[in-house]
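Listed below are the residues making up each chain.
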Amino acid sequence: MNWIILILAGLMEVGFTFCLGKTKTATGTALAWWWVGFLVALSLSMYLMAKASEKLPIGTVYPVWTGIGAVGAVIVGIVFFNEPATFWRIFFITTLILSTVGLKILS
């Protein structure tokens, strides 16, 4: 269950980075809603990460949380914000995923 909470915390990190990206182009009421989404996702992410760290080692929780967020942010950038999907970006994201899986296996 704690791993599910940690994964949800990481996905909330991806959510707040997506909202942050949308604030670049939004205006008016839409801008305010993207900021609200950012704050909600940020708060949920922090809360869920804290809950997961009650049972899992922080040395595992934090890297997994940031790994999910980093990989998700790159994917969001490529899919929604037209960022380049170069060989080296994909290569290093893949190594980050493998490192995160390695931490899961070791804990």
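None of these values were measured; they are calculated from a predicted model.

A.B. asks: Where do I start with the confidence of the model for the protein chain in this structure?
C.D. replies: Parts of the prediction with low pLDDT should not have their coordinates interpreted in detail. Confidence in the prediction for the protein chain averages 94 pLDDT; 99% of positions are at 70 or higher. Averaged pLDDT values for the elements of the protein chain fall to 88 in helix 4 (residues 87–106) and rise to 98 in helix 2 (residues 28–53).

A.B. asks: Just checking my understanding: could you explain the pattern of salt bridges for this structure?
C.D. replies: Summed over the entire model, instances satisfying the criterion amount to two salt bridges. Across the salt bridge formed by Glu54 and Lys51, the nearest N and O atoms sit 3.6 Å from each other. Taking the relative accessible area as the measure of exposure, Glu54 reaches 54% and is therefore exposed. Of the residues examined, Lys51 reaches a relative accessible area of 31% and is grouped as partly exposed.

A.B. asks: Would you explain the packing of aromatic side chains in this entry?
C.D. replies: Here a ring pair, both rings aromatic, is described through the centre-centre distance and the interplanar angle of the planes. Per the stated rule, a full pass over the model turns up 11 aromatic pairs. Here Phe16 and Phe38 contribute two aromatic rings whose centre-to-centre distance is 5.6 Å and whose plane-to-plane angle is 90 degrees, an arrangement assigned as edge-to-face. Of this pair, Phe16 sits in helix 1 (residues 2–22) while Phe38 sits in helix 2; the two residues are 22 residues apart in sequence, bridging distant segments of the chain. Residue classification places Phe16 among the buried residues on the basis of a relative accessible area of 11%. A ring pair is formed by Trp35 and Phe38, whose centres lie 5.5 Å apart and whose planes are at 85 degrees; its orientation type is edge-to-face. Here Trp35 and its partner Phe38 are both found in helix 2, three residues apart, which amounts to about one turn of the helix.

A.B. asks: How do you make sense of the nonpolar core when you look at a structure like this?
C.D. replies: A general feature of soluble globular proteins is that nonpolar side chains tend to end up buried together. Listed in full, the 11 residues of the largest apolar core are Ile5, Leu6, Ala9, Leu48, Met49, Ala52, Leu56, Val61, Val64, Trp65 and Ile68. Put simply, the parts of the chain that give this core at least two residues each are helix 1, helix 2 and helix 3 (58–80). Sort the elements by how many residues they give to this core and helix 3 lands first, with four residues. Setting aside chain neighbours within four positions, we find Ile68 in contact with Leu6, Ile7, Gly10, Leu11 and Val14.

Criteria and thresholds
- Residues numbered from 1 in each chain as written.
- Predicted model: local features only at pLDDT ≥ 70, side-chain atom pairs only at ≥ 80, totals over all residues.
- Heavy atoms only, no water.
- pLDDT = per-residue confidence, 0-100.
- Helix = DSSP H or I, 4+ residues; strand = E, 2+ residues; numbered from the N terminus.
- Salt bridge = Lys/Arg side-chain N within 4 Å of Asp/Glu carboxyl O.
- Buried < 20%, exposed > 50% of the residue type's maximum accessible area, 1.4 Å probe, protein only.
- Phe/Tyr/Trp six-rings, centres within 6.5 Å; stacked < 30°, edge-to-face > 60°.
- Core = buried A, V, L, I, M, F, W, Y, C linked by side-chain atoms within 4.5 Å.
- Contact = heavy atoms within 4.5 Å.

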